[in-house]
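Per-entry structural report
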Amino acid sequence: MPVQMQLSRIIISEINEQQFIYLKEVDGERQFPILIGLFEAQAINSGVKRIQSPRPRSHELLVNAIEAMGGELDSIAISELRDHIYYARIRVRREGELIEIDSRPSDAIAVAFACDPALPIYVSEEVLEESTGG
């Protein structure tokens, strides 16, 4: 059963290539970091702060394209952790069907915050247990 999570922190360092986001359980105490790139960290931060851009950014473009094709963004799910790499899915409803699009977690979370309201974030129990050590 997937666990609903929320973004609890974004750590952006302009002197390091590696950035971190932290996800925390909505109805619990477990949390874990995900290592991401600077571009993705900035995109997530812009979405969280609702910073407007005169033209659509990449993640906003994806949201607009999905909606223009009749899809409704549903949620994102971090579904797998394999060889220290997280795997995510952007979940879209279209014509009564749930479609899952393979994604990096950082891009999926940026898409989640490009939506208004932001999409719910889910993490599989297996990934959560492996990421938090319990």
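Throughout what follows, the structure given in this document is the object of discussion. None of the values given here were measured: they were computed from a predicted structure.

1. A short note on the pattern of salt bridges
Under the criterion given, the structure shown has eleven salt bridges. For Arg-30, the salt bridge is made with Glu-25, and the minimal N-O distance between the two is 2.9 Å. Its relative accessible area of 10% is what places Glu-25 among the buried residues. The salt bridge involving Asp-116 is made with Arg-50; its shortest N-O contact spans 3.7 Å. Of the two residues, Asp-116 sits in the loop between helix 3 (105–114) and strand 7 (121–123) while Arg-50 sits in the loop between helix 1 (38–48) and helix 2 (58–68), which places them 66 residues apart along the sequence. In this structure Asp-116 comes out as exposed when scored by relative accessible area, which is 68%.

2. Quick look at a nonpolar patch on the surface
The grouping of Ile-11, Phe-20 and Leu-35 at the surface amounts to a nonpolar patch, some 230 Å² of accessible area in total. With respect to the secondary-structure elements, Leu-35 resides in strand 3 (residues 31–36). Judged by its relative accessible area of 46%, Leu-35 is partly exposed.

3. Considerations on the packing of aromatic side chains
For the coordinates displayed, the defined rule picks out one aromatic pair. Look at Phe-32 and Tyr-86: their rings are 5.6 Å apart centre to centre, the planes differ by 25 degrees, and that puts the pair in the stacked class. Of this pair, Phe-32 sits in strand 3 while Tyr-86 is found in strand 5 (residues 85–94), placing the two residues 54 residues apart along the sequence. Above the face of the Tyr-22 ring, Arg-9 is positioned so that its terminal group lies 4.1 Å from the ring centre. Taking NZ or CZ as reference, Arg-82 lies 4.2 Å from the ring centre of Tyr-87, over its face.

Criteria and cut-off values
- Residues numbered from 1 in each chain as written.
- Predicted model: local features only at pLDDT ≥ 70, side-chain atom pairs only at ≥ 80, totals over all residues.
- Heavy atoms only, no water.
- Salt bridge = Lys/Arg side-chain N within 4 Å of Asp/Glu carboxyl O.
- Buried < 20%, exposed > 50% of the residue type's maximum accessible area, 1.4 Å probe, protein only.
- Helix = DSSP H or I, 4+ residues; strand = E, 2+ residues; numbered from the N terminus.
- Patch = residues over 30% accessible without salt bridge, like charges linked within 9 Å, V, L, I, M, F, W, Y side chains within 5 Å.
- Areas by Shrake-Rupley, 256 points an atom, 1.4 Å probe, with all protein chains shown as cover.
- Phe/Tyr/Trp six-rings, centres within 6.5 Å; stacked < 30°, edge-to-face > 60°.
- Lys NZ or Arg CZ within 6 Å of the ring centre and 35° of its normal.

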